[in-house]
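This is what each chain is made of:
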Amino acid sequence: MKLVSFKHANGDVRAGWIEGNTVIDMNYVSEGKLPSQIKEFIQKHEHYCSVVEDLKRQVDIGIFDLEEVELVAPLPNPTSFRDFVAFETHVLNATNRAGHTMAKEWYEIPVFYFSNHHAIKGPNEAITRPKKCVRLDFELEMGCIIGKEGKNISAEEAEDYIFGYTILNDWTARDLQMQEMAVHLGPAKGKDFATSIGPYIVTKDELAPYRVNDRYNLEMTAKINGKTVTEGNFKDIYYSFPQMIERASEEVTLYPGDLLGSGTVGFGCILELGPEVHRWLEPGDEIELSITGLGTLKNTIAKADMLDNQSKNSLKSSTS
């Protein structure tokens, strides 16, 4: 299944799935048997998926053309968000650019930081550059959504706890990040203003044809203003998602709806590519991330007129 969240005509955010070029409103077509929000679907997906299979054979109402709806972040409200740094090439490139050497500890454990799960953005949503930032960057990543509660999960059993996957763009204000990380703490203000996911969540069974042991053979590409700047593959990741889940769940409970990021694929950001390949992002730039089987996630860096329109739309929604 490809699960989405979309805005209904009345402004409500609804849950659904994609069939061809259409979106099915799951709550409407099931007459309330399925929830209206994706997080609730994930929490009880083992029961709800059987309901969906029955409905697929008889759906003839509650169907919208994809072009008629506005897709938002497929999981607008993750329970938490941990972002790992699991691609060796990315870490080597980033440390070299900064004039540092690779920490031996990186090879001992999958490392992660917590980011802002209240700042999740969706496909085609304008991203606002922080006012103090002049070095705005994208990061091409894959996101993993937890589907079952668990603690002290081993890598061998972690597959049972994965619900599905999505594309993830970990927007980064490099200047703010470098300033704060100089005191040897992880990134916070350099990351917490926005993270994009989407355009949908693909359940893990759909990626089975691409599986190679505990990894996936998935092409990962990034375009800026229509020009390809990055080409990588998820199979090159050093730590697999099961290994990340094992690390994240040590003495801590993971919950359905938790989001894990893979970290940036090698050469998957401007920091690694360098200014000789592309300048830092500016208002009006369109960033397009694609991963085999997961679709394409597009966002534009907001210009002043976009921000004005967003403010007007917010005001209109609050007074209607």
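What counts and what doesn't
Residues numbered from 1 in each chain as written. Predicted model: local features only at pLDDT ≥ 70, side-chain atom pairs only at ≥ 80, totals over all residues. Heavy atoms only, no water. Helix = DSSP H or I, 4+ residues; strand = E, 2+ residues; numbered from the N terminus. Buried < 20%, exposed > 50% of the residue type's maximum accessible area, 1.4 Å probe, protein only. Pairing = 2+ DSSP bridges. Salt bridge = Lys/Arg side-chain N within 4 Å of Asp/Glu carboxyl O. Disulfide = S-S within 2.5 Å. Phe/Tyr/Trp six-rings, centres within 6.5 Å; stacked < 30°, edge-to-face > 60°. Lys NZ or Arg CZ within 6 Å of the ring centre and 35° of its normal. Core = buried A, V, L, I, M, F, W, Y, C linked by side-chain atoms within 4.5 Å. Contact = heavy atoms within 4.5 Å.

Undergrad: Provide a residue-level description of unusual backbone geometry, including the pertinent values.
TA: Backbone phi values are negative for most residues with the exception of glycine, while trans is the configuration of most peptide bonds. Of note, the bond from Gly198 into Pro199 is cis; its omega dihedral lies within 30 degrees of zero at 5°. The phi angle at Asn213 is positive, at roughly 60°, despite the residue not being glycine. Structurally, Asn213 can be placed in the loop between β16 (211–212) and β17 (215–216). Overall, the relative accessible area of 68% leaves Asn213 in the exposed class.

Undergrad: Which residues make up the sheet that holds strand β9 (residues 126–127), and what values do they have?
TA: What holds strands together in a sheet is hydrogen bonding between their backbones, with the strands either parallel or antiparallel. In space, the 5 strands of this open sheet follow the order β9-β23-β22-β18-β19, with mixed pairing throughout. Either end of the sheet is taken by a strand with one partner, and the two such strands are β9 and β19 (227–233).

Undergrad: Which residues make up the pattern of salt bridges, and what are the values?
TA: A complete count under the given rule lists 16 salt bridges for this structure. We note a salt bridge from Asp137 to Arg174, for which the minimum N-O separation is 2.8 Å. Highlighted residues: Asp137 in strand β10 (residues 136–137) and Arg174 in helix α5 (residues 174–181), separated in sequence by 37 residues. Of the two residues, Asp137 and Arg174, neither departs from the other in class, the shared state being buried.

Undergrad: Tell me about the state of the cysteines, residues and numbers included.
TA: The full count for this structure, using the stated rule, is 0 disulfides. Just so you know, Cys144 is unpaired, no disulfide at all, and the nearest cysteine sulfur is the one on Cys49, 15 Å from it. By relative accessible area, which is 0% here, Cys144 ends up buried. Not part of a disulfide, Cys269 finds its nearest cysteine sulfur in Cys133, a span of 14 Å. With a relative accessible area of 0%, Cys269 lands in the buried category.

Undergrad: Which residues make up the packing of aromatic side chains, and what are the values?
TA: Inspection of the entire model under this criterion finds 14 aromatic pairs. Aromatic side chains Phe41 and Phe163 sit 6.4 Å apart centroid to centroid with 75° between the ring planes, which places their arrangement in the edge-to-face category. You can see Phe41 sitting in helix α2 (residues 38–43) and its partner Phe163 sitting in strand β13 (residues 162–169), a full 122 residues away along the chain. For Phe41, a relative accessible area of 0% corresponds to the buried category. The class of Phe163 is buried, set by a relative accessible area of 3%. In this structure, Lys148 packs its charged tip against the face of Tyr161, placed 4.5 Å from the ring centre.

Undergrad: I'd like a description of the nonpolar core, backed by residues and values.
TA: Judged by nonpolar contacts, the single largest core of 59 residues is most densely connected at Phe138, Met142, Tyr165, Trp171, Phe234, Phe241 and Leu281. For Leu281, the contacting residues outside a window of four places in its chain are Arg129, Leu136, Asp137, Phe138, Trp171, Ile224, Ile270, Ile287 and Ile301. One finds Ala15, Ile42, Val51 and Ala73 within the second-largest nonpolar core, a separate group that totals 25 residues.

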